Amino acid sequence: MPILKVRDGININYVVGGDPNARNKVLFVMGLNASHRQWDFQFEYFSSLPDYQVLVFDNRGAGFSDVPEPPYTMTQMVNDVIDLANELHWEKFHLIGCSMGGMIVQHVALEHPERILSLTLICTRVEGGFFKSLPTFEGTIKFLRIAKATDPEVLLRTGAELQFPLEYLSQKNPEGITYREYFYNLMKKRMADVPMTTPKGKEGQLAVVKAHGLSQDQMKKLKDSKFPILALTGDSDILIRSSHSYSMPELIGAKLVVLKGHGHGLVAQSPEIINQHIKDFIEEANQKHAPVLEDNIVLSK
């Protein structure tokens, strides 16, 4: 896998797929403690499409990227994204972020609006503040359990409950096993393939999450931007409460899509639906018209 030494000397691991001559350049940014492998379902799909080139990477502090001393700053995370785009000579691109990645891409778009063709925010928030940024009570308990865990089994079992609704985990997939076991096996394999995030990496990235929160002026700047914004969330997200996304049409002018019965891990829970929403949005953005809906809200099954 390629490694880029970014402007402050940190090595960032990245993967590129698809057509180098493609019109659609799509850059994905993942969330807290997560590697580029969390985008597997999106990377495989968009890389296979004609006229698409895709980039995924490990944020500093995670995966195969360097783990510098904490704390990390939003400026560093933004610069990492821009340095990667520059390395591939992407003048303009579609930008997608999930969770912490959704926070990072907001700042990329604010600081480099001329380079953004569309902005997709998945299971994230724009507002800051201690109480506003807290997960639900259930989400807080599970998050703290994961934060303190050193046993991979605890990370796997509790991680699934943090990412997906319990009712969904108890259902069986087409192969006849529960989704709890399916995602346990999937994440165990990924964990074997990619280094676990260290306490130092967790601390560094968590500082970025804690510091995030747009000002009224920044929210207005996004709302007035020339690129369209899509917000995707599940109605059962216990980590970053769904209500954060519900407010995005008003706060930043986003088109909102809500998936019923989905949690924080909706990019893995229903990848076909998510991929189609993203693809449709990219194609709408290419027409240089923001999506127009009567109430700017879509409920998706």
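Residues numbered from 1 in each chain as written. Predicted model: local features only at pLDDT ≥ 70, side-chain atom pairs only at ≥ 80, totals over all residues. Heavy atoms only, no water.

Attention now goes to the pattern of salt bridges. Scanning all chains against the criterion turns up 15 salt bridges. Between Asp-8 and Arg-60 there is a salt bridge, and its shortest N-O distance comes to 3.0 Å. With a gap of 52 residues between them, Asp-8 in the loop between strand E1 (3-5) and strand E2 (11-18) and Arg-60 in the loop between strand E4 (52-57) and helix H2 (74-87) connect regions that are remote in the sequence. Owing to a relative accessible area of 40%, Asp-8 belongs among the partly exposed residues under this scheme. Among the salt bridges present, the one from Asp-193 reaches Lys-189, with a minimum N-O distance of 3.1 Å. Here the residue Asp-193 and the residue Lys-189 both occupy positions in helix H7 (residues 179-193), the gap between them amounting to 4 residues, near one helical turn. Within this structure, Arg-37, Asp-40, Lys-189, Arg-190 and Asp-193 form a network of salt bridges that share partners. (Salt bridge = Lys/Arg side-chain N within 4 Å of Asp/Glu carboxyl O. Helix = DSSP H or I, 4+ residues; strand = E, 2+ residues; numbered from the N terminus. Buried < 20%, exposed > 50% of the residue type's maximum accessible area, 1.4 Å probe, protein only.)

Closest axis-to-axis distance for the helix H3 (residues 100-111)/helix H9 (residues 216-223) pair is 10 Å, and the angle between their directions is 75°. Taken together, the axis directions place H3 and H9 in an arrangement best described as roughly perpendicular. Counted together, Gln-106, His-107, Ala-109 and Leu-110 of H3 and Gln-218, Lys-221 and Leu-222 of H9 form the full contact between these two elements. Looking at the contact of H3 with H9 residue by residue, the classes come out as 3 nonpolar, 3 polar and 1 charged. (Axes fitted to C-alpha atoms, helices over the stretch in contact; angles between N-to-C directions. Parallel < 35°, antiparallel > 145°, perpendicular 65-115°, else oblique. Contact = heavy atoms within 4.5 Å. Nonpolar A, V, L, I, M, F, W, Y, C, P; charged D, E, K, R; others polar.)

Remember that the coordinates give geometry; whether it matters functionally is a separate question.
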